[in-house]
Amino acid sequence: MVKNIAVLVSGGGSNFENLALKSAEAGFEIKILIADSPDAYAVKRAEKLNIPHIIIDRSKYSAKKEFETAVTEAVSNFNIDYIVLAGFMRILSAEFINFYKNRIINIHPSLLPSFKGRNGIEDAYNYGVKVTGVTVHFVDAGIDTGKIIAQTAVIIEEDETLLSLEEKIHQAEYELYPAALKKVLDGGV
Ligand code: GRF
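To keep things clear, this report deals only with the structure shown in the data block. (Residues numbered from 1 in each chain as written. Predicted model: local features only at pLDDT ≥ 70, side-chain atom pairs only at ≥ 80, totals over all residues. Heavy atoms only, no water.)

## Here we look at the pattern of salt bridges
The final tally for this structure, using the stated rule, is seven salt bridges. Glu29 is paired through a salt bridge with Lys31; the nearest N and O atoms lie 3.5 Å apart. On the basis of relative accessibility, which here comes to 38%, the residue Glu29 falls in the partly exposed class. Close ionic contact of Arg90 with Asp36 constitutes a salt bridge, the shortest N to O distance being 2.8 Å. Here the residue Arg90 occupies a position in the loop between strand S4 (82–85) and helix H4 (94–99), and Asp36 occupies one in the loop between strand S2 (28–35) and helix H2 (42–49), the gap between them amounting to 54 residues. Classification of Arg90 by relative accessible area gives partly exposed; the value is 36%. One network of salt bridges, in which partners are shared, links Glu17, Arg45 and Lys48. (Salt bridge = Lys/Arg side-chain N within 4 Å of Asp/Glu carboxyl O. Buried < 20%, exposed > 50% of the residue type's maximum accessible area, 1.4 Å probe, protein only. Helix = DSSP H or I, 4+ residues; strand = E, 2+ residues; numbered from the N terminus.)

## Describing helix H3 (residues 64–76)
Since the α-helix advances by 3.6 residues per turn, residues separated by three or four positions end up pointing in the same direction. With 13 residues, H3 should reach 18 Å at 1.5 Å per residue; the first-to-last C-alpha distance of 18 Å fits that figure. If you check which residues of H3 are buried, you get Phe67, Glu68, Ala70, Val71, Thr72, Ala74 and Val75. Tucked into the core, H3 has its buried residues touching strand S1 (3–9), S2, strand S3 (53–55), S4 and H4. (Expected span 1.5 Å × (residues − 1). Contact = heavy atoms within 4.5 Å.)

## Concerning the site of the ligand
Near the ligand, the surroundings consist of Gly12, Gly13, Ser14, Asn15, Gly87, Ile107, His108, Pro109, His170 and Glu173. In this structure, an oxygen atom belonging to the ligand sits 2.8 Å away from a main-chain N or O atom of Gly13. Considered on its own, the ligand offers 370 Å² of accessible surface; in the complex 82% of this is hidden by protein. Of the pockets mapped on this structure, the ligand occupies the largest pocket. Of all the secondary structure elements, the ones that give two or more residues to the shell around the ligand are helix H1 (14–26), strand S5 (104–108) and helix H6 (162–185). In terms of residue class, the shell around the ligand is built from two nonpolar, seven polar and one charged. (Near = heavy atom within 4 Å. Polar contact = N/O pair within 3.5 Å; in protein donor to acceptor, adjacent residues only side chain to side chain. Areas by Shrake-Rupley, 256 points an atom, 1.4 Å probe, with all protein chains shown as cover. 1 Å grid on protein atoms, 1.4 Å probe; cavity = no way out; pocket = protein on both sides within 12 Å on 5 of 7 lines; lining within 4 Å. Sits in = over half its atoms within 2 Å of the grid points. Nonpolar A, V, L, I, M, F, W, Y, C, P; charged D, E, K, R; others polar.)

## A word on the environment of Ala42
In this fold, Ala42 is placed in helix H2. A sequence separation of 32 residues divides Ala42 from Ser10, and the C-alpha atoms of the two residues are 7.8 Å apart. Dropping the residues within four chain positions of it, Ala42 is found in contact with Val9, Gly11, Gly12, Gly13, Phe16 and Leu33.

## Considering the side chain of His137
Following the sequence through the fold, His137 ends up in strand S6 (residues 131–138). In this structure His137 touches Ile104, Ile105, Asn106, His108, Leu112, Asp144, Thr145, Gly146, Lys147, Ile148 and Ile149, once residues within four positions along its chain are discounted.

Any link to function would need more than the numbers given here.
Below is the structure:
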């Protein structure tokens, strides 16, 4: 049966768009896109794709709890099976994560547990590792620490630039994320 997901974003939303385009073959439907900022380009993509979307502007909420309550309310309007983070740059509270225990999934642009945090691609590049990659994982109360669902390795070539590496990582993400979600939704994880 097709599963319902909500996608949370903060920015460009290329992963969101890729998931939307591959949703039918991966067995899910994006019921709602939630952006935490009116500037998130992902909202434009949702408009183009005709996917319901809502902006819950984090800067309008003084406390994280109120912001998360608004997100929970938006999600509760749909029969959502999984919350999928795609470039969502906020740290969720333990309460929120527990509420959706084992039902929040994230993509991170490094081979976790290496290079956690905001700049996974650049940190790996600057460190000089020869192999980095992409990780899809469940979200737990730590930062980029939850159970790993799937990973892809990306080789850093001798003449690699940060820009070319970013492009390779994103291409790897576009393959891995829908496949990893399908695996979860099929009950394989
Ligand atoms: C991706 O690299 C993802 O791994 C990270 O944030 C980036 C989002 O890119 N969590 P986009 O907004 O999907 O283009």
